[in-house]
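Here's the letter readout for the chains.
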Amino acid sequence: QLQASGGGLVQPGESLRLSCAASGSAFTMNIMGWYRQAPGKQRALVATVTSGGHTNYAESVKGRFTVSGDNAKNTVYLQMNSLEPEDTAVYYCYAYLVRPDFSRVYWGQGTQVTVSS
């Protein structure tokens, strides 16, 4: 189960930090990250981080957003700086677990981020 927090309403240029913790798993997630879905659009990748620390970002957020993970807590963070109105969306936490006998994708419930003056 993924529990996300940290969304809200901010003005352009401001910052927000999202957090997402995975509970109920005895294993460290192989990949954790964030997707977002704006009104009328499909869900799209924002950023991911592997348990080894490798990160991946959407072009639109490079240089503004930073994704990081805490393996011991099975938690992922998204620091969002210089927010723009185009960043307004529901942000979904994502996790991917790979084991020798199975793999599974987990999704959080979504947290609203609104950037507006």
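Residues numbered from 1 in each chain as written. Predicted model: local features only at pLDDT ≥ 70, side-chain atom pairs only at ≥ 80, totals over all residues. Heavy atoms only, no water.

Caption draft 1: Quick look at empty space enclosed by the protein. In the structure shown here, the tally under the stated rule is 1 cavity of 30 Å³ or more. There is about 70 Å³ of room inside the largest cavity. For the largest cavity, the full set of lining residues is Thr28, Met29, Ile31, Met32, Val49, Thr50, Ser51, Gly69, Asp70, Asn71, Asn74 and Thr75. Of all the secondary-structure elements, those providing two or more residues to the lining of the largest cavity are strand 4 (31-37), strand 5 (44-50) and strand 7 (65-70). By residue class, the composition of the lining of the largest cavity is 4 nonpolar, 7 polar and 1 charged. (1 Å grid on protein atoms, 1.4 Å probe; cavity = no way out; pocket = protein on both sides within 12 Å on 5 of 7 lines; lining within 4 Å. Points joined across faces, edges and corners; volume = space filled by probe spheres on them. Helix = DSSP H or I, 4+ residues; strand = E, 2+ residues; numbered from the N terminus. Nonpolar A, V, L, I, M, F, W, Y, C, P; charged D, E, K, R; others polar.)

Caption draft 2: View of the pairing of strand 4. The sheet contact formed by strand 4 and strand 5 spans 6 bridges and is antiparallel. What sits directly across from tryptophan 34, in strand 5, is alanine 47. Hairpin connection, strand 4 to strand 5: the antiparallel pair is bridged by 6 residues, and glycine 40 has positive phi, about 80°. Direction of pairing for strand 4 relative to strand 9 (residues 89-99): antiparallel, over a ladder of 7 bridges. Opposite glutamine 37, over in strand 9, you have valine 90 as the bridge partner. (Pairing = 2+ DSSP bridges.)

Any link to function would need more than the numbers given here.
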